[in-house]
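Spelled out, the chains give:
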Amino acid sequence: MLKVINVVGARPNFMKVAPIVEAMKRRERDFAPLVVHTGQHYDAAMSDAFFRDLELPQPDVYLDVGSASHALQTAAVMERFEPVVLQEKPDWVIVVGDVNSTLACALVCVKLGVKVAHVEAGLRSRDRTMPEEINRLLTDQIADLLLTPSADADKNLLAEGIPQERIRLVGNVMIDSLLKHLPRARESNIRQDLNLNEYVVITLHRPSNVDDPETLKRILGALEKIGNRIPVIFPVHPRTRKMILELGSADRVVNAKGLLFIPPQGYLDFLSLYSGARLVLTDSGGIQEETTVLGIPCLTLRENTERPITVEKGTNKIVGTDPEKIVNEAFAALDEESKTTHRVPPLWDGHTAERILEALS
Ligand code: UD1
């Protein structure tokens, strides 16, 4: 029987951990899972809604770290997670993705000599100004087991000198959640409630896009132009909301015709929204993958991606943040009659959690 602590911290972690915990509960003779929530994300819309929608058991331990600078947040997670590990003495700790909680918990484990597995290992944007890139690089250096979503990730790890024995290609666990919940998401009323037929969805929260007022204004200007042609639905992340409210032109933008700002959505309503969209614009990593699986055209408003397979095989295109380019690419995508041809990457098949359990055994 393996005792495993599964760490969640921020919104993109919940859909990765839910299938792993569920698979462990199905094999209760082999696995005793615990869920530790660091509290990096704490708003009902950023956290509770995901536990409910994903049927993730309530956390066994809540560390309540909240928002702070990177150093303070990372330090608070470490300080509060260490006694939990000392008390529970797990056989494994699982960390997922690339948020501050991921690195903080991995670092606690390696110092205590407790085995840690990193799910979604090996992704690299090669942009060290991204806080997530630092979290990925460091977590992969110290984790005992690196569970990768695609072959490019294995290559990155090997190139960094990580031995093959520590690496296991298991596929994309987020897609386990996507495929499981798609039928329930189709029952959501959100599209009727918002009176939507043909529309575009946008999400934006990267510091590089939203923390600089000029960049944010230029992107919002591009959205306004797209909104003149087709409704643009914008579920607004708390970081982005704060920055939009600080912009001098907030009133003009918020009232722009064709641009609909809505609060951050839960897992099912958001899946319902983007799975029915003509086009998705995003700076999220996970959404590049989800649209690839669903065959929805996606424009990524960044200069790079740590998920190149979504461009090579999927429906993703990297367009950067030049407003004219965003509008031109969006119109070109909307002009295309049929959906972009795409292939689903190998092992993005809804069974990654089972492979993760095999790798731990
Ligand atoms: C974090 C992750 C990012 C991930 C994103 C998904 C890091 C370094 N960043 O970024 O990789 O893509 O989550 O959402 O770990 N806030 C709230 N309510 C909350 C949480 C945050 O209002 O529940 C506000 C706070 O003002 C906070 C700001 O959002 O200061 C940013 O939150 P933070 O967790 O620091 O980073 P994110 O931008 O959410």
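The preceding data block contains the structure.
Residues numbered from 1 in each chain as written. Predicted model: local features only at pLDDT ≥ 70, side-chain atom pairs only at ≥ 80, totals over all residues. Heavy atoms only, no water.

**A short note on the overall build of the protein**
For clarity, the cut-off: Helix and strand assignments follow DSSP, with helices taken as H or I runs no shorter than four residues and strands as E runs no shorter than two, numbered in order from the N terminus. Here the globule rule is a power law, 2.2 Å times the number of residues to the power 0.38, and the radius of gyration is based on C-alpha atoms. Burial here depends on accessible area, computed with a 1.4 Å probe over protein chains only, as a share of the maximum for the residue type. Under 20% is buried, over 50% is exposed, and the range in between is partly exposed. Note on definitions: a residue-residue contact is assigned when non-hydrogen atoms from the two residues lie within 4.5 Å. The protein chains shown are the only cover counted for residues, whose accessible areas, like all others here, come from Shrake-Rupley with a 1.4 Å probe. Note that His is not counted, nor are the chain ends; the positive residues are Lys and Arg, and the negative ones are Asp and Glu. By convention, the point assigned to a charge is CZ for Arg, NZ for Lys, CD for Glu and CG for Asp.
Helix and strand counts for the protein stand at 17 helices and 13 strands. In terms of C-alpha radius of gyration, the protein reaches 20 Å, essentially the compact-globule figure of 21 Å for 361 residues. When the backbone C-alpha atoms are referred to their principal axes, the protein occupies close to 60 × 40 × 40 Å. Counting every position in the protein, which comprises 361 residues, the buried fraction comes to 58%. Counted over contacts in the protein with a minimum sequence separation of 6, partners at least 24 positions apart contribute 70%. Carbon and sulfur atoms make up 50% of the accessible area of the protein, which totals about 15,200 Å². Computed over 42 positive and 50 negative side-chain charges, the separation of the two mean positions in the protein equals 1 Å.

**Some words on the sheet that holds strand E9 (residues 232-235)**
This is how the line gets drawn: Should DSSP find at least two bridges between two strands, the strands are taken to pair. For helices, the fitted line uses only the C-alpha atoms of the stretch in contact; every axis is such a line through C-alpha atoms, and the angle between N-to-C directions lies from 0 to 180 degrees.
Across the sheet, 6 strands lie side by side as E10-E9-E8-E11-E12-E13; this open sheet has parallel pairing. A strand with exactly one partner marks an edge of an open sheet, and here the two such strands are strand E10 (259-262) and strand E13 (316-318). The mean inter-strand angle of the sheet, taken between neighbouring strand axes irrespective of direction, is 20°. Packed on one face of the sheet, helix H16 (residues 323-335) meets strand E8 (200-203), strand E11 (279-282), strand E12 (298-300) and E13 and runs near 155° to E11.

**Let's talk about the sheet that holds strand E1 (residues 2-8)**
The parallel open sheet is built from 7 strands, whose spatial order is E3-E2-E1-E4-E5-E6-E7. Two strands bound the open sheet, and with one partner strand each, they are strand E3 (61-62) and strand E7 (167-169). Of the pairings in the sheet, the one linking E1 to strand E2 (residues 31-37) comprises 7 bridges and is parallel in character. Bridging from a neighbouring strand, Lys 3 pairs with Ala 32 of E2. On top of the sheet, helix H4 (residues 100-112) reaches E1, strand E4 (92-96) and strand E5 (116-119); it is set at about 160° to E4, its chief contact.

**Description of the pattern of salt bridges**
Worth spelling out the cut-off: The term salt bridge refers to a pairing of a side-chain nitrogen on Lys or Arg with a carboxyl oxygen on Asp or Glu at a separation within 4 Å.
Under the counting rule described, the total for this entry stands at 26 salt bridges. The shortest N-O distance in the salt bridge between Arg 52 and Asp 53 comes to 3.8 Å. Judged by its relative accessible area of 58%, Arg 52 is exposed. The partner of Arg 302 in a salt bridge is Glu 306, and the shortest N-O contact between them spans 2.6 Å. Each member of the pair, Arg 302 together with Glu 306, is buried. Through salt bridges that share partners, Lys 16, Asp 98, Glu 120, Glu 133, Arg 136, Glu 289, Arg 302, Glu 306 and Arg 307 make up one connected network.

**Remarks on the site of the ligand**
Put simply, the rule reads: We call a residue near a molecule or strand whenever a single non-hydrogen atom of that residue lies within 4 Å of it. Any pair of N or O atoms that falls within 3.5 Å is considered a polar contact. Within protein, one atom must be able to donate a hydrogen and the other to accept it, and sequence-neighbouring residues count only if both atoms are side-chain atoms. Residue polarity follows a fixed list, in which Ala, Val, Leu, Ile, Met, Phe, Trp, Tyr, Cys and Pro are nonpolar, Asp, Glu, Lys and Arg are charged, and the others, Gly among them, are polar.
Near the ligand lie 20 residues; those nearest to it are Gln 40, His 41, Glu 132, His 205 and Arg 239. Taking Arg 239, its side chain carries an N or O atom lying 2.6 Å from an oxygen atom of the ligand. Contacts to the ligand include Lys 242, whose side-chain N or O atom sits 3.0 Å from an oxygen atom. Contributions of two or more residues to the shell around the ligand are made by helix H3 (70-88), helix H5 (131-142) and helix H11 (238-246). If you tally residues by element for the shell around the ligand, the top one is H11, at 3 residues. For the shell around the ligand, a count of residues per class yields 6 nonpolar, 8 polar and 6 charged.

**Regarding the side chain of Arg 307**
Its place among the elements puts Arg 307 in the loop between E12 and helix H15 (309-312). At 3.5 Å, the side chain of Arg 307 forms a polar contact with the backbone oxygen of Gly 285. Those residues in contact with Arg 307, other than ones at most four positions away along the chain, are Lys 16, Glu 120, Leu 123, Gly 285, Gly 286, Gln 288 and Glu 289.

**A word on the packing of aromatic side chains**
Note the following rule: Centres within 6.5 Å make a pair out of two Phe, Tyr or Trp rings, where for Trp the six-membered ring is used; the pair is then stacked when the planes are under 30 degrees apart, edge-to-face when over 60, and tilted otherwise.
Overall, the coordinates contain 4 aromatic pairs when judged by the stated rule. Here a set of aromatic residues connected by ring pairs shows up, and it is made of Phe 14, Phe 50 and Phe 51.

**Side note on H3**
To be explicit about the condition: The length a helix should cover is 1.5 Å for every residue beyond the first. Axes are fitted to the seven residues ending at a residue and to the seven starting at it; the angle between these axes is taken as the bend at that residue.
For H3, with 19 residues, the first-to-last C-alpha span of 27 Å sits near the 27 Å given by 1.5 Å per residue. Maximal helix bending in H3 amounts to about 25°, located at Phe 81; proline Pro 83 follows within four positions. For H3, every residue scored as buried is listed here: Gln 73, Thr 74, Ala 76, Val 77, Phe 81, Val 84 and Val 85. Taken from the residues just after H3, Lys 89 is the one with a positive phi, measuring 45°.

**Quick notes on helix H6 (residues 151-159)**
Where H6 is concerned, the buried positions are Asp 152, Ala 153, Asp 154, Asn 156 and Leu 157. Next to the buried residues of H6 lie H5, strand E6 (145-148), E7 and H15. In the segment just after H6, Gly 161 is the residue with positive phi, at about 85°.

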